[in-house]
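Chain by chain, the residues run as shown.
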Amino acid sequence: MPTHDHDSADSAPGSGSVTVLGLGPMGRALAGAFLDAGLRVTVWNRTPGRDRELLDRGATAAASPAEAVAAGVLTVVCVVNYDASDAVLRQDAVTAALKGRTVVNLTADTPARARDTAEWAAGHGIRYLDGAIMTPATTIGTPDAVFLLSGPEELYREHRPVLDTLGGTHTHLGADVSRAAAYDIALLDIFWTAMAGYAHALAVARAEGITARELAPFAQGIGAILPPLFEELATDVDDATYSGELNPITSAASSMAHIVQASESHGIEAAVIRAAEGQARRVIGLGHGTDGFMRITELLGRSRR
């Protein structure tokens, strides 16, 4: 089961040292939070010049990634994807310098890439935790930050005092190293699908003479409906009940068809909502018209069987 840790362990993080590889907006925020906590911070970035403010605040710049990881007990990686992290970590000199040390990879990518990196790390005597940051860079170092981590629990516990200095909540999702990435992918799926829907809704509204600002308060009302639905529908899916008593999937398909028609009447692409309608129609065709919309989770999962 996931463990949620809100309180720091007894050991003082200020006596530790940490290396940050990657100084994009998130990497700089991570390094800044470590500095604020009194940690000795070494930084490295492929593109020079992004460390100036951090150096002014007391960070040490490394001339190479191998030099950087050798300076810290713990190395935190935050780059664009695992292609980028592999390009740094799997250099011979870096790999050799990391032996016996710990890497916490907060780079976003797929669960399969997390498993591959953990296997590589184990083969080279590198201790490894995988993680995901679920909030923007502006939240780092504040109570609003949210971190997910997975991998050996004893390793997580060992480095928790340093990780706690990043603020917010830290949830250890278990020993399966790919769990953080799996949660990340699923949660980002919700976010980006919702953002695509909102962008489409604003385009349709504008075509009908409604400004984005005019629609926004009502869009927020729609958004407020979702949190309790998430909880209710999660139970529906886990228990395979798919109740459609209040809103059968036939009703959902009908309303989605209206969105498609209105969109295309204005020449607005409706591929995403048309795909959702198509999934609903397939479920209806399979004899589940009285079920709720979440019945499509079974349809989507059929390719796995």
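So, how was this worked out
- Residues numbered from 1 in each chain as written.
- Predicted model: local features only at pLDDT ≥ 70, side-chain atom pairs only at ≥ 80, totals over all residues.
- Heavy atoms only, no water.
- Helix = DSSP H or I, 4+ residues; strand = E, 2+ residues; numbered from the N terminus.
- Buried < 20%, exposed > 50% of the residue type's maximum accessible area, 1.4 Å probe, protein only.
- Contact = heavy atoms within 4.5 Å.
- 1 Å grid on protein atoms, 1.4 Å probe; cavity = no way out; pocket = protein on both sides within 12 Å on 5 of 7 lines; lining within 4 Å.
- Points joined across faces, edges and corners; volume = space filled by probe spheres on them.
- Nonpolar A, V, L, I, M, F, W, Y, C, P; charged D, E, K, R; others polar.
- Phe/Tyr/Trp six-rings, centres within 6.5 Å; stacked < 30°, edge-to-face > 60°.
- pLDDT = per-residue confidence, 0-100.
- Salt bridge = Lys/Arg side-chain N within 4 Å of Asp/Glu carboxyl O.
- Axes fitted to C-alpha atoms, helices over the stretch in contact; angles between N-to-C directions.
- Parallel < 35°, antiparallel > 145°, perpendicular 65-115°, else oblique.

Draft legend 1. Here's a closer look at the side chain of Glu277. Relative to the helices and strands, Glu277 resides in helix H11 (residues 271–285). In this structure Glu277 comes out as buried when scored by relative accessible area, which is 12%. Once residues lying within four places of it in the same chain are set aside, the contact partners of Glu277 are Ala253, Met256, Ala257 and Val260.

Draft legend 2. Local environment of empty space enclosed by the protein. Counted under the stated rule, the structure contains 1 cavity of 30 Å³ or more. Reported here for the largest cavity is a volume of approximately 40 Å³. Contributing to the lining of the largest cavity are Val283, Leu286, His288, Arg295, Glu298, Leu299 and Arg302. The residue inventory of the lining of the largest cavity, partitioned by class, reads 3 nonpolar, 1 polar and 3 charged.

Draft legend 3. The arrangement of the packing of aromatic side chains in detail. Across all of its chains, the model carries 1 aromatic pair by this definition. With a centroid separation of 4.8 Å and 80° between ring planes, the pair formed by Phe191 and Trp192 is classed as edge-to-face. Residue class for Phe191 comes out partly exposed when judged on its relative accessible area of 43%.

Draft legend 4. Region of the structure containing the confidence of the model for the protein. The predicted model of the protein averages 94 in pLDDT, with 94% of residues at 70 or higher. Across residues 6–15, where pLDDT falls below 50, the model places 17 contacts with residues more than four positions away in sequence or in other chains.

Draft legend 5. Quick peek at the pattern of salt bridges. All told, the structure shown has 12 salt bridges when counted by the stated rule. For Arg57, the salt bridge is made with Asp36, and the minimal N-O distance between the two is 2.6 Å. Of the two residues, Arg57 is situated in the loop between helix H2 (52–56) and strand E4 (60–61) and Asp36 in helix H1 (residues 25–36); the sequence distance between them amounts to 21 residues. A salt bridge links Glu264 to Arg274, with the nearest nitrogen and oxygen atoms 2.9 Å apart. With Glu264 in helix H10 (residues 249–265) and Arg274 in helix H11, the pair connects residues that are 10 residues apart, well separated along the chain. The exposure class of Glu264 is partly exposed, given its relative accessible area of 41%. Members of the salt-bridge network, linked through shared partners, are Asp83, Asp86, Arg90, Arg113 and Asp116.

Draft legend 6. Here's a closer look at the packing of helix H4 (residues 82–89) against helix H6 (residues 111–123). In contact at an axis separation of 11 Å, H4 and H6 are set at 10° when each is read in the N-to-C sense. By the angle class used here, H4 and H6 are roughly parallel. Contacts from Tyr82, Asp83, Asp86 and Leu89 of H4 reach H6 at Arg113, Ala114, Thr117 and Trp120. The residue makeup of the contact of H4 with H6, split by class, is 4 nonpolar, 1 polar and 3 charged.

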